[in-house]
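Structural overview
Residues per chain are reported as follows:
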Amino acid sequence: AQSVAQPEDQVNVAEGNPLTVKCTYSVSGNPYLFWYVQYPNRGLQFLLKYITGDNLVKGSYGFEAEFNKSQTSFHLKKPSALVSDSALYFCAVRDKGYSTLTFGKGTMLLVSP
Amino acid sequence: EAGVAQSPRYKIIEKRQSVAFWCNPISGHATLYWYQQILGQGPKLLIQFQNNGVVDDSQLPKDRFSAERLKGVDSTLKIQPAKLEDSAVYLCASSLDRTSGSYNEQFFGPGTRLTVL
């Protein structure tokens, strides 16, 4: 079975500071990993994904994520947060031999001016 | 490129009534997904179609939920009869994936917020 853990319900950061949203995963094989963002009353939007290759993945809106196989983590990062980054962030995992995507429970990111 | 379309956006019904949701995926996307998102939780897959066929419906409560994807394009999700615990946002998504081993990202519609009273 595959699973995702997002240990923080909420992350607070001041505008201009770096941000990190944590994600750990569990799969039986090699993972495909994704980050999505959800703004109020809207569907999820794709940010970035890790399939293979370079452990540092760059995505939309200046976000990046680092795949760490030994720690089974895929933390989302941004060097300088914007107030407009405030939203709900979901990490998701899919085992390469499996067709279903499993989402974490989400982390609310609040960026204060 | 047009996104995933869903209707209605909001629906309020009483328990034991029936309800149907409609989804039109992005043109050319072979795979279509229906998710249930309960407040405070991540989306949970209900059913996954690849073209006309069902790939995974293991978490679909088949005694009350049904879904179809005619002609491999549009899809409808039905609940009959609805229960209070069905109150949630129902999200439709689509992707280019043509095989189970693919890894394309999913594109989500805005969702339908269902309230069961």
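Refer to the structure above for everything that follows.
The structure contained in this document is the topic of the report that follows.

Calculation rules
- Residues numbered from 1 in each chain as written.
- Chains lettered and ligands numbered in written order.
- Predicted model: local features only at pLDDT ≥ 70, side-chain atom pairs only at ≥ 80, totals over all residues.
- Heavy atoms only, no water.
- Helix = DSSP H or I, 4+ residues; strand = E, 2+ residues; numbered from the N terminus.
- Rg over C-alpha atoms; globule rule 2.2 N^0.38 Å.
- Buried < 20%, exposed > 50% of the residue type's maximum accessible area, 1.4 Å probe, protein only.
- Contact = heavy atoms within 4.5 Å.
- Areas by Shrake-Rupley, 256 points an atom, 1.4 Å probe, with all protein chains shown as cover.
- 1 Å grid on protein atoms, 1.4 Å probe; cavity = no way out; pocket = protein on both sides within 12 Å on 5 of 7 lines; lining within 4 Å.
- Points joined across faces, edges and corners; volume = space filled by probe spheres on them.
- Buried area = accessible area lost by both parts, 1.4 Å probe.
- Salt bridge = Lys/Arg side-chain N within 4 Å of Asp/Glu carboxyl O.
- Polar contact = N/O pair within 3.5 Å; in protein donor to acceptor, adjacent residues only side chain to side chain.
- Nonpolar A, V, L, I, M, F, W, Y, C, P; charged D, E, K, R; others polar.
- Core = buried A, V, L, I, M, F, W, Y, C linked by side-chain atoms within 4.5 Å.
- Phe/Tyr/Trp six-rings, centres within 6.5 Å; stacked < 30°, edge-to-face > 60°.
- Lys NZ or Arg CZ within 6 Å of the ring centre and 35° of its normal.

A word on the overall build of chain B. When helices and strands are tallied, chain B shows zero helices and 11 strands. Listing every helix and strand of chain B by position from the N terminus yields β-β-β-β-β-β-β-β-β-β-β. In summary, chain B has a C-alpha radius of gyration of 14 Å against a globular reference of 13 Å for 117 residues, a match within 12%. Across its three principal axes, chain B shows a C-alpha extent of roughly 40 × 30 × 30 Å. Scored against the burial criterion, the 117 residues of chain B give a buried share of 46%. Restricting to contacts in chain B with at least 6 residues of sequence separation, those with at least 24 account for 55%. A total of about 5,700 Å² of accessible surface is found on chain B, and carbon and sulfur atoms cover 51% of it.

Looking now at the layout of surface pockets. Of the pockets and cavities examined, the largest pocket occupies roughly 610 Å³. Elements with a minimum of two residues in the lining of the largest pocket: strand S10 (87-95) of chain A together with strand S9 (88-95) and strand S11 (112-116) of chain B. At three residues, the largest contribution of residues to the lining of the largest pocket is made by S11 of chain B. In this structure, the second largest pocket occupies an estimated 180 Å³ of space. Forming the walls of the second largest pocket are Asn41, Arg42, Gly43, Leu44 and Gln45 of chain A together with Gly3, Val4, Ile26, Phe107, Phe108, Gly109 and Pro110 of chain B.

Here we take up the interface of chain B and chain A. The interface of chain B with chain A comprises 26 residues on the first partner and 21 residues on the second. Between chain B and chain A, the buried area comes to about 1,700 Å², and carbon and sulfur atoms account for 48% of it. The tally of links between chain B and chain A comes to one salt bridge. Across the pair glutamate 105 of chain B and lysine 49 of chain A runs a salt bridge whose closest N-O atoms are separated by 2.9 Å. Where chain B packs against chain A, one counts four residue pairs in polar contact (both at pLDDT 80 or more). Every element with two or more residues in the side of chain B that touches chain A is listed here: strand S4 (31-37), strand S5 (44-50) and strand S6 (53-56) of chain B. Within the side of chain B that touches chain A, the residues separate by chemical class into nine nonpolar, 12 polar and five charged.

With that settled, the discussion passes to the nonpolar core. Residues and elements named next belong to chain A. Of all hydrophobic cores here, the largest spans 28 residues; its most connected members are Trp35, Leu47, Leu48, Phe74, Leu76 and Tyr89. At the level of elements, strand S2 (10-14), strand S3 (19-21), strand S5 (31-38), strand S6 (44-50), strand S8 (64-68), strand S9 (73-78), S10 and strand S12 (107-112) are the ones that each hand at least two residues to this core. Ranked by residue count, the leading element in this core is S10, at four residues. Ignoring anything within four residues of it in the chain, the contact list for leucine 48 reads Leu33, Phe34, Trp35, Val57, Lys58, Gly59, Phe63, Glu64, Ala65, Phe74 and Leu76.

As a further point, take the packing of aromatic side chains. In this structure the tally under the stated criterion is 15 aromatic pairs over all chains. Between the aromatic rings of phenylalanine 90 of chain A and phenylalanine 103 of chain A, the centroid separation amounts to 6.4 Å while the plane-to-plane angle is 85°, which identifies the pairing as edge-to-face. With a gap of 13 residues between them, phenylalanine 90 of chain A in strand S10 and phenylalanine 103 of chain A in strand S11 (residues 102-103) connect regions that are remote in the sequence. You'll find phenylalanine 90 of chain A and phenylalanine 103 of chain A in the same group, each marked buried. A connected cluster of aromatic rings, assembled from ring pairs, spans Phe34, Tyr36, Phe46, Phe90 and Phe103 of chain A together with Tyr33, Tyr35 and Phe108 of chain B. Seen from the ring of phenylalanine 63 of chain A, lysine 78 of chain A lies directly overhead, with NZ or CZ sitting 5.0 Å from the centre.

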